[in-house]
Amino acid sequence: MDNVTLGLDLGTNSIGWALVDYDEYQRPQQLIDCGVRIFQEAVDLKTRTPKNQQRREARAVRRQTSRRRRRREKLLNLLVRNGLLPSEVQTEPRLEVLFNDLGDPYQLRKKALDGALSPHEFGRALMHLCHRRGFVSNRKTASKEDGKVVKSAISNLAKRIGEIGSRTLGEYLAYQPKKRGEYTSRAMYEGEFELLWQSQQRFHPQALTAPLKAAVHNTIFHQRPLKLQKNLIGRCQFEPKRKRAAKAWLEAQRFRLLQDINHLQIKNPTTREYRNLLPEERSTLRDTLERQQTLSWDKARKLLGRHSGEIFNLEEGRKTELIGNRTAYRLRKILGEPWDEMTPAQQNELTTDMLTIDDEQALIKRALNHWKFDLQTAEELAKTELEPSFLRLSLKAIRKILPFLEQGMTYDKACAAAGYNHSDQSNEATVDFLGEPANLRNPVVQKALYETRKVVNAVVRKYGKPAVIRIEMARDMKLTRRQREEVMKEQNKRKKENELVKKILREDFGIQEPRRADIQKYNLWKECKETCPYTGTLISPVMLFSAEVDVEHILPYSQSLDNSYMNKTLCIAEENRKHKHNRLPYEAYHADDKKYQDILQRVRDFPWTKRRRFEQKEIKTDDFISRQLNDTRYICVEVRKYLAQLIGFNNVHVSKGEATAALRHHWNLNRILAVDGVLEKNRGDHRHHTIDAVVIALTSRALFQKLSRLSAQSGVALSERGFQLDEPWQDFYRSIAQRIETVVISHAASRKITDALHEDTAYGYSTHDKCFVYRKRLDGNITANEIARIRDKKLKELVEARLNQHEGNIKKAFGNISDPLLHIDGMTPIRTVRITANFEPTTMLGIHDKTGVAYKFFKFGNNHHVEVIESVATGKRDCRFVNAFEAAKRARRDKTPVTQREFGSEWKSIMSLAVNDIVEVACEEKPALYRVQSLASGKQIEIVLKKPNDAVSERNASTLRIRNSKDTQRIIRKLTVDALGQLSPSNG
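**With respect to the overall build of the protein**
Link 1 in the chain: Assigned secondary structure in the protein consists of 38 helices and 27 strands.
Link 2 in the chain: Its C-alpha atoms give the protein principal-axis dimensions of about 100 × 95 × 65 Å.
Link 3 in the chain: The buried share of the protein, reckoned over its 988 residues, is 44%.
Link 4 in the chain: Across the protein, contacts joining residues at least 24 apart in sequence account for 64% of those joining residues at least 6 apart.
Link 5 in the chain: Looking at the protein as shown, the accessible area adds up to about 53,300 Å², and 48% of this sits on carbon and sulfur atoms.
Link 6 in the chain: Averaging the coordinates of the 173 positive side-chain charges in the protein and doing the same for the 128 negative ones gives two points 4 Å apart.

Below is the structure:
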């Protein structure tokens, strides 16, 4: 397909695709095919966290609980075997009662320091140490806020212990009325263990042997090492067989430092020209940064003897300061002169120890024994955490490039000198079909890439390789989790500011219904300090919304096609029409140097991205178009590299998509899916992704050049109707509308059995009331329905009385922690209540004890699929729902097919349906396609079906409910839909 372009509209849970044929002159001719692939998003819609995060955290808690139990059982058995506990503890179901008979463990720990304990009493004290063994740092959490809080609390506790003269933690707590709720350290317990053992060994020398001491100590205090995460470290960009280097390596620190210095330039405030640093300036900055963590721009200017008007190029971007050698700085701060006296090999060895030894005590021991540091220095090293994260290169690649950076070369030239191609943009296709994508550590993008692989490979199998692939990615896909959080925070801030502006416009300007353009104009007015940047004329509130003031494009829109806020400011209308007009500020004013300098002075407080537009001397339209067609964000680059395997890097464009909405508007494509005449994008229909994909496939360099020309002729923005944009080919709208009408949405069927097999809440069963019961916290989250089902009648009366006092407001009644509801005794707070629930026993999973009796229950999770069967004799249908637990049992334990096919001689299998399966249903006019939206079973069955195109999750007119076995007769057959939306009969 030499002249075919594939357009992809890549979203978090959708892929719109379109194939457009071009002629030999790169003019679009026709739409070959198009479609949509819908799949489940990889993160939770509300929290934007991975869907399995909550289960993973719960699993970690279960493992921790299990390990604690096993540790205590191991110690208990060890003490019984050696006569330090009675054998009854191994069989006694109520262990607390037996332990309480042995004495108060705190008093035993105090007494054991000086007096003799019986073997069983000493065993009880040792068991207590095992239950409370204190916090130990693994150094990886030392710098986190929680770790700081814990260490501060431990330090305060140690101070109090010393003030009252207690020798151990146990002795201190024996005198305290409150013995729980304090942060304690592992070292406190280990020190107490040593003192207790030494003291009691005097009284029981035959029993308390050295081997037993070692065994007991290891059982109580053994700490599992951290699980290595080396598999998560990415591969080097230039040396794929090598892992990426940690940022804290000394070579990596110098590599980053020299990169910044070699790219640094100073701008002349008069000529606005940049110059490179002189060799002596580079040397001065390097020597300084080798001994500092960071260097501010003002200090850098002072260091080089520059005045405040001379600005660094990196300063004008987002870089707030120069980063120095943080590793050397931190270690020099601890060690002092000995660090500078070390050889480079010794410095690297010490850095290696800091990066690889996780255990605090092990690092202290290494510092004392190997490096011969004093105890204070060793402890300081153990507390220090070096810079986290990794660079994109390995140490091997860094060591090859570093000598050329030291010569003053910029990064691209240093890479070339070392034999590397830093752009890594091969235009050679290497595969016939896309393979498994690399792990980008971004679940949203990862899921989308796997689905993209299915769609693109299906296109290649059916139509061959496209010549060009154009992609537009959803904005939230291009960002990391932290960036998405920052964007969300900024959006919320902007929303509050806009609401305040609306209020001002209503009250002070008399604009009762402020539009977006009004809000923007007001914000620009405040940004330029109510003064025209070009003339210095004061813009009064009366003038602002009159014809006297224009919202003006700093860079002419006809040349830049940039309609963003950062390319707009205010201008007196007469000045705009007579002088500034359709020119850059530099073009219009630089001949009068004083006037031009005055303009630059007025905009000195503008954001840099806006301020630099006033200094720009020319617009290169080709460069602008290239930026629009090639998004350089990390995720976009990785996606582009993945698809480039198929057709070459230069043939894949990841566009920013700023023109897509405007082009869709110009070509009237919104009308295709319009509802009730509203000519806006209909997001309630999945097919809008297909329309976007068609536009993306048509957004070529030639089209951008045409838009630039038309905009220059008309003088209006692309989003406006001020110029006529011809359709790409004759009969364009009709051909697109006809194809969109026939598109079948490809939904990824949900048949995995990796989700939760049951719900989290544990239920008990009341044989007296014949119902299930569960506990729930009595707080602001309890519902009125749950209050009505509180099992204890007296408790229910208390709860309802409190609720009536607050006029039925649950949040006010139970949401205040400082004012809890009290029991009848007037002293005991009611924390939880037991609530009844009526469930079908068949929907509950019973957990059995050793005698085989179910003592607690969990509600089964979602249904995995439903098996529709038909009576051989009568033709009557029935539904057998299979929940996720049963499906997992078949697959993992029984090793049988997840979907059952055989139902005896009386029944035959018709089909099995899972969420997102497509079925053909008999309707009044003609058979229609529906998608399985959900499956529910209980007292009655319910299979909820929706039209495949419907993107609205709520039930509406397109929803069809199958509520009994008779209704299943309406389902004619199940269909298989491939990644391109091609239908075929299913085999079941």
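**Looking at the confidence of the model for the protein**
Link 1 in the chain: Predicted confidence across the protein gives a mean pLDDT of 87, with 93% of residues reaching 70 or more.
Link 2 in the chain: Summarising per-element confidence for the protein, the mean pLDDT is lowest in helix α29 (residues 621–629) (62) and highest in helix α18 (residues 395–406) (95).

**Some details on the environment of Ala-474**
Link 1 in the chain: Its place among the elements puts Ala-474 in the loop between β9 (468–473) and α21 (481–509).
Link 2 in the chain: For Ala-474, a relative accessible area of 23% puts it in the partly exposed group.
Link 3 in the chain: For the pair Ala-474 and Ile-619, spaced 145 residues apart in sequence, the C-alpha to C-alpha distance is 28 Å.
Link 4 in the chain: Not counting the four nearest positions on each side in its chain, Ala-474 is found in contact with Leu-10 and Gly-11.

**Notes on the sheet that holds β9**
Link 1 in the chain: The six strands lie next to each other as β12-β9-β1-β2-β3-β13, forming an open sheet whose pairing is mixed. Only two strands of the sheet have a single neighbouring strand rather than two, namely β12 (652–655) and β13 (746–747).
Link 2 in the chain: The pairing of β9 with β12 spans four bridges and is classified as parallel. Within β12, the residue paired with Ile-469 across the bridge is Val-652.

**Considering a positive patch on the surface**
Link 1 in the chain: Residues Arg-55, Arg-56, Arg-59, Arg-62, Arg-63, Arg-67, Arg-70, Arg-224 and Arg-892 make up a contiguous surface patch of positive charge.
Link 2 in the chain: The greatest single-element share of the positive patch, amounting to seven residues, is contributed by helix α1 (residues 53–81).
Link 3 in the chain: Relative to the helices and strands, Arg-70 resides in helix α1.
Link 4 in the chain: Assessed through its relative accessible area of 46%, Arg-70 is described here as partly exposed.

**Focus: the sheet that holds strand β21 (residues 907–913)**
Link 1 in the chain: With antiparallel pairing, three strands are arranged side by side in an open sheet as β20-β19-β21. The open sheet has two edge strands, β20 (877–883) and β21, and neither has a second partner. Mean inter-strand twist for the sheet, computed between neighbouring axes without regard to direction, equals 25°.
Link 2 in the chain: Taken strand by strand, helix α38 (residues 884–894) contacts β19 (863–871) and β20, and its axis lies near 75° from that of β20.

**Here we look at the layout of surface pockets**
Link 1 in the chain: Taken as a whole, the second largest pocket encloses approximately 620 Å³ of empty space.
Link 2 in the chain: In terms of lining, the second largest pocket is formed by 22 residues, of which the most central are Ala-928, Leu-929, Lys-947, Pro-948 and Asn-949.
Link 3 in the chain: Elements that contribute at least two residues to the lining of the second largest pocket include exactly α34 (732–742) and β23 (928–936).
Link 4 in the chain: Looking at the lining of the second largest pocket, the element that brings in the most residues is β23, giving three residues.
Link 5 in the chain: Of the residues contributing to the lining of the second largest pocket, the split by class is ten nonpolar, five polar and seven charged.

**So, the packing of helix α9 (residues 250–263) against helix α15 (residues 344–356)**
Link 1 in the chain: The N-to-C vectors of α9 and α15 enclose an angle of 105°; their axes lie 9 Å apart at closest approach. The angle between α9 and α15 places the two elements in the roughly perpendicular class. Where α9 abuts α15, its residues Leu-250, Glu-251 and Arg-254 lie against Gln-347, Asn-348 and Thr-351.
Link 2 in the chain: Residue composition of the contact of α9 with α15, grouped by class: one nonpolar, three polar and two charged.

**Quick look at the pattern of salt bridges**
Link 1 in the chain: Applying the stated criterion to the full structure yields 62 salt bridges.
Link 2 in the chain: Here Glu-281 ties to Arg-275 by a salt bridge, and the two come within 3.1 Å at their closest N and O atoms.
Link 3 in the chain: Classification of Arg-275 as partly exposed rests on a relative accessible area of 28%.

**A short note on unusual backbone geometry**
Link 1 in the chain: The phi angle at His-581 is positive, at roughly 45°, despite the residue not being glycine.
Link 2 in the chain: Relative to the helices and strands, His-581 resides in the loop between α25 (573–580) and α26 (585–589).
Link 3 in the chain: Look at His-581 and you get exposed, because its relative accessible area is 54%.
Link 4 in the chain: Here the phi dihedral of Lys-770 falls at roughly 55°; this positive angle occurs in a residue that is not glycine.
Link 5 in the chain: Here Lys-770 shows up in the loop between β14 (758–766) and β15 (771–777).
Link 6 in the chain: Under the relative-accessibility criterion, Lys-770 is labelled exposed at 60%.

**Quick notes on the side chain of Arg-71**
Link 1 in the chain: Mapped onto the elements, Arg-71 comes out in helix α1.
Link 2 in the chain: The buried charged residue Arg-71 lacks any salt bridge partner; its closest oppositely charged side chain belongs to Glu-73, at an N-O distance of 11 Å.
Link 3 in the chain: Setting aside its immediate chain neighbours within four residues, Arg-71 contacts Cys-130, Arg-133, Thr-219 and Ile-220.

**Observations concerning the side chain of Glu-251**
Link 1 in the chain: Along the polypeptide, Glu-251 turns up in helix α9.
Link 2 in the chain: Reaching out from Glu-251, the side chain makes a polar contact with the side chain of Arg-399 at a distance of 3.0 Å.
Link 3 in the chain: Leaving out residues up to four positions away in the same chain, Glu-251 has contacts with Asn-348, Leu-395, Ile-398, Arg-399 and Leu-402.

**Section: the packing of aromatic side chains**
Link 1 in the chain: Applying the stated criterion to the full structure yields 24 aromatic pairs.
Link 2 in the chain: When the centroid spacing of 5.5 Å and the interplanar angle of 65° are considered together, the rings of Trp-667 and Phe-732 count as edge-to-face. You can see Trp-667 sitting in the loop between α31 (660–666) and α32 (688–698) and its partner Phe-732 sitting in helix α34, a full 65 residues away along the chain. Comparing Trp-667 with Phe-732, the two get one shared label, buried.
Link 3 in the chain: Chaining the aromatic ring pairs together yields one cluster made of Tyr-763, Tyr-765, Phe-772, Tyr-774, Phe-839 and Phe-857.
Link 4 in the chain: A cation sits over an aromatic face here: Lys-610 above Tyr-565, 4.2 Å from the ring centre.

**Focus: the packing of α9 against helix α10 (residues 279–289)**
Link 1 in the chain: For the pair α9 and α10, interaxial distance at closest approach is 10 Å and the crossing angle is 150°. The angle between α9 and α10 falls in the class roughly antiparallel. The interaxial crossing formed by α9 with α10 has right-handed handedness. Packed against α9, whose contacting residues are Leu-257, Leu-258, Ile-261 and Asn-262, the element α10 presents Arg-282, Leu-285, Arg-286 and Leu-289 at the interface.

**Things to note about the nonpolar core**
In a soluble, globular protein the nonpolar side chains are often hidden away together inside.
Link 1 in the chain: If you look at the biggest cluster of nonpolar residues, it comprises 39 residues, and the most contacted ones within it are Leu-79, Leu-85, Leu-126, Phe-193, Trp-197 and Val-216.
Link 2 in the chain: Those elements that place two or more of their residues in this core are α1, α2 (95–102), α3 (105–111), α4 (119–131), α5 (145–163), α6 (169–174), α7 (186–201) and α8 (210–221).
Link 3 in the chain: Setting aside chain neighbours within four positions, we find Val-216 in contact with Leu-75, Leu-78, Leu-79, Leu-126, Phe-193 and Trp-197.

**Observations concerning α2**
Every α-helix winds through 3.6 residues per turn, so residues three or four apart in the chain are directed the same way.
Link 1 in the chain: For α2, the set of buried residues is Leu-98, Phe-99 and Leu-102. Each buried residue of α2 lies within a common arc of 95° when the element is viewed along its axis, so the set occupies one face. Opposite its buried face, α2 presents the exposed residues Glu-96, Asn-100 and Asp-101, each directed more than 90 degrees away.
Link 2 in the chain: The secondary structure elements touched by the buried residues of α2 are α1, α3 and α4.
Link 3 in the chain: Just past α2, the residue Gly-103 takes up positive phi, approximately 125°.

**Quick word on α25**
Link 1 in the chain: The set of residues buried in α25 consists of Ala-573, Glu-575, Asn-576 and Lys-580. Seen along its axis, α25 keeps its buried residues to an arc of 165°; they face one direction. Exposed side of α25, more than 90 degrees from the buried face: Glu-574, Arg-577 and Lys-578 are the residues found there.
Link 2 in the chain: Tucked inside the fold, the buried residues of α25 contact β10 (549–553), β11 (568–572), α26 and α27 (593–602).
Link 3 in the chain: Following α25 by one or two positions, His-581 has its phi on the positive side, about 45°.

**A few points about the pairing of β23**
Link 1 in the chain: The pairing of strand β22 (residues 918–921) with β23 spans four bridges and is antiparallel. Looking across to β23, one finds that Val-919 is bridged to Tyr-930.
Link 2 in the chain: Counting the residues in the hairpin turn of β22 and β23 gives six residues.
Link 3 in the chain: The pairing of β23 with strand β24 (residues 942–946) spans five bridges and is classified as antiparallel. Note on β24: the bridge partner recorded for Ala-936 is Glu-942.

What counts, and at which threshold
- Residues numbered from 1 in each chain as written.
- Predicted model: local features only at pLDDT ≥ 70, side-chain atom pairs only at ≥ 80, totals over all residues.
- Heavy atoms only, no water.
- Helix = DSSP H or I, 4+ residues; strand = E, 2+ residues; numbered from the N terminus.
- Buried < 20%, exposed > 50% of the residue type's maximum accessible area, 1.4 Å probe, protein only.
- Contact = heavy atoms within 4.5 Å.
- Areas by Shrake-Rupley, 256 points an atom, 1.4 Å probe, with all protein chains shown as cover.
- Lys, Arg positive; Asp, Glu negative; His and termini not counted.
- Charge placed at Lys NZ, Arg CZ, Asp CG, Glu CD.
- pLDDT = per-residue confidence, 0-100.
- Pairing = 2+ DSSP bridges.
- Patch = residues over 30% accessible without salt bridge, like charges linked within 9 Å, V, L, I, M, F, W, Y side chains within 5 Å.
- Salt bridge = Lys/Arg side-chain N within 4 Å of Asp/Glu carboxyl O.
- Axes fitted to C-alpha atoms, helices over the stretch in contact; angles between N-to-C directions.
- 1 Å grid on protein atoms, 1.4 Å probe; cavity = no way out; pocket = protein on both sides within 12 Å on 5 of 7 lines; lining within 4 Å.
- Points joined across faces, edges and corners; volume = space filled by probe spheres on them.
- Nonpolar A, V, L, I, M, F, W, Y, C, P; charged D, E, K, R; others polar.
- Parallel < 35°, antiparallel > 145°, perpendicular 65-115°, else oblique.
- Polar contact = N/O pair within 3.5 Å; in protein donor to acceptor, adjacent residues only side chain to side chain.
- Phe/Tyr/Trp six-rings, centres within 6.5 Å; stacked < 30°, edge-to-face > 60°.
- Lys NZ or Arg CZ within 6 Å of the ring centre and 35° of its normal.
- Left-handed = near helix turned anticlockwise from the far one by under 90°.
- Core = buried A, V, L, I, M, F, W, Y, C linked by side-chain atoms within 4.5 Å.
- Arc of directions from axis to C-beta.

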